[in-house]
Amino acid sequence: MATPTVVSWEQVSVPTPSGPLTARVYRPGAPAPQGWLVWAHGGSWRAGSARDWHGATAELARHSGFGVVSVDYRLAPEVRHPAMVEDILSALTWAAGEHQDRPTGDPSHAPLLAVGGDSAGGTLAASAALVCRDRGIPLAAQVLAYPPLDPACAAASYRRFPDLFPTASYLRAAWQDYRAPGLPVAADGTRLHSTPFEAADLRGLAPAVMATGDLDPVGDDVHRYGRLLRAAGVEVALREFRQTGHGAFLQPSPGPGLGPGGPGGHPASSMRGWLGLALHRLTLTSPNDADNLPSSPSWS
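Residues numbered from 1 in each chain as written. Predicted model: local features only at pLDDT ≥ 70, side-chain atom pairs only at ≥ 80, totals over all residues. Heavy atoms only, no water.

Within the chain, the secondary structure is distributed over 7 helices and 9 strands. Counting across all 300 residues of the chain, residues that qualify as buried make up 54%. Looking at the chain alone, contacts between residues at least 24 apart form 73% of all its contacts between residues at least 6 apart. In the form shown here, the chain has an accessible surface area of approximately 12,200 Å², with 54% of it arising from carbon and sulfur atoms. (Helix = DSSP H or I, 4+ residues; strand = E, 2+ residues; numbered from the N terminus. Buried < 20%, exposed > 50% of the residue type's maximum accessible area, 1.4 Å probe, protein only. Contact = heavy atoms within 4.5 Å. Areas by Shrake-Rupley, 256 points an atom, 1.4 Å probe, with all protein chains shown as cover.)

Below you can see the structure in the form of structure tokens.
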């Protein structure tokens, strides 16, 4: 099976303590992926699938040079937190075992690992990144598209755009379905956060590549997380797309007929194109080179 011209994909089974999960693995057209990005789809923790996100994650692999593992994690209300975060962590463990695709020039070099997601999946990815830090598992990046991060939905952007999706009332109900009472802890004693806003210390987290839209009700959550990460000494690239609402990660980049000289022709004009290119630049070169991307702010 193949996505046109550059990305091949296959369906795999990812082992987890609760049983196997299906995932779609996308490999860009290169001798070896630059690394592995485990992706959690959006859907308010209650919907969505790797199949539904097929085009978006295939394009992410094409622009980033990373192999992308798009996970069919368990959904609410059948399960609640921390089940979803544990599924993402299991997928990271599986991806780390893909040693056959590491660069042949350095056989002792472990593959780069990154975690990411859009909307509710971004919340899961950011929470998984905290667990990786606490367990000493190196991550190259956390790649986050407009994650909702405050269960109270108290930021001004929710009031600024009260009728745009997702509304504060809709998201509060989704948070209630997603989160379970208490403070979950893994068997090894690691705290399993449902949102990074629960964490008292963000130091030592993986560099963050984040995007949101200026018309997205969760936008202030994203900007707040960016400020908190920068204050903790974490590298952050954050782009706000103009005239853009929630769900923009699912909108494709310009087609092949629109070259860089055409209107909006650069892949970075789409959110998923920019995220992929920013991840590629982050892990291939110095973070300071990220400002070479069109409309990209410099790294902190």
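On to the pairing of strand 8 (residues 208-213), then. Looking along a regular strand, one sees side chains alternate from face to face of the sheet. Across the 6 residues that make up strand 8, a large majority, 6, are buried. Burial along strand 8 is two-sided: A208, M210 and T212 and V209, A211 and G213, pointing in opposite directions, are all buried. Looking at chain direction, strand 7 (residues 141-145) and strand 8 are connected through 4 bridges and run parallel. Within strand 8, the position partnered with L144 by the bridge is M210. The pairing of strand 8 with strand 9 (residues 236-241) spans 6 bridges and is parallel. Bridging across to strand 9, A208 finds its partner in V236. (Pairing = 2+ DSSP bridges.)

Before going further, it helps to spend a moment on empty space enclosed by the protein. One pass over the structure, following the stated rule, counts 2 cavities of 30 Å³ or more. Along its surface, the largest cavity is lined by S44, W45, S119, A120, P148, F165, P166, Y170, L171, V218 and H246. Classifying every residue of the lining of the largest cavity gives 8 nonpolar, 3 polar and no charged. (1 Å grid on protein atoms, 1.4 Å probe; cavity = no way out; pocket = protein on both sides within 12 Å on 5 of 7 lines; lining within 4 Å. Points joined across faces, edges and corners; volume = space filled by probe spheres on them. Nonpolar A, V, L, I, M, F, W, Y, C, P; charged D, E, K, R; others polar.)

Along the chain, H81 connects to P82 via a cis peptide bond; the corresponding omega equals 15°. Mapped onto the secondary structure, P82 falls in the loop between strand 5 (67-71) and helix 2 (83-96). Of note, the amide linkage connecting F165 to P166 takes the cis form, showing an omega dihedral of -5°. Mapped onto the elements of the fold, P166 is located in the loop between helix 4 (156-160) and helix 5 (168-178). At S44, a position not held by glycine, the phi torsion is positive, near 60°. Among the structural elements, S44 can be located in the loop between strand 4 (35-40) and helix 1 (54-64). Given the relative accessible area of 7%, S44 is considered buried. The phi dihedral of C153 is positive, around 50°, even though this residue is not glycine. Mapped onto the elements of the fold, C153 is located in the loop between strand 7 and helix 4. Judged by its relative accessible area of 3%, C153 is buried.

Glancing now at the side chain of H41. Positionally, H41 belongs in the loop between strand 4 and helix 1. Note on H41: relative accessible area 1%, which makes it buried. One polar contact links the side chain of H41 to the main-chain carbonyl oxygen of G48, over a distance of 3.5 Å. Beyond its immediate stretch of four places on either side in the chain, H41 contacts A47, G48, S49, A50, W53, V71, D72, Y73, L75, D118 and G121. (Polar contact = N/O pair within 3.5 Å; in protein donor to acceptor, adjacent residues only side chain to side chain.)

Across its 14 residues, helix 7 (residues 271-284) extends 20 Å between first and last C-alpha, which sits within 8% of the 20 Å expected from 1.5 Å per residue. Among the 14 residues in helix 7, 10 count as buried, and that is most of the element. For helix 7, the complete set of buried residues consists of M271, R272, G273, W274, L275, G276, L277, A278, L279 and L282. Against strand 4, helix 1, strand 6 (112-118), strand 7, strand 8 and strand 9 lie the buried residues of helix 7. (Expected span 1.5 Å × (residues − 1).)

All chains considered together, the criterion is met by 8 aromatic pairs. Their ring planes at 5° and their centres at 4.4 Å tell us that W45 and Y178 sit as a pair that is stacked. Of this pair, W45 sits in the loop between strand 4 and helix 1 while Y178 sits in helix 5, and the two are 133 residues apart along the sequence. A relative accessible area of 0% means that W45 is categorised as buried. Y178 sits in the buried class, given a relative accessible area of 0%. When the centroid spacing of 6.5 Å and the interplanar angle of 80° are considered together, the rings of F241 and W274 count as edge-to-face. Of this pair, F241 sits in strand 9 while W274 sits in helix 7, and the two are 33 residues apart along the sequence. Taken together, the aromatic side chains of W45, W175 and Y178 make up a single cluster linked through ring pairs. A cation sits over an aromatic face here: R46 above Y170, 5.2 Å from the ring centre. Lying over the aromatic face of F241, R239 brings its terminal NZ or CZ to 3.8 Å of the ring centre. (Phe/Tyr/Trp six-rings, centres within 6.5 Å; stacked < 30°, edge-to-face > 60°. Lys NZ or Arg CZ within 6 Å of the ring centre and 35° of its normal.)

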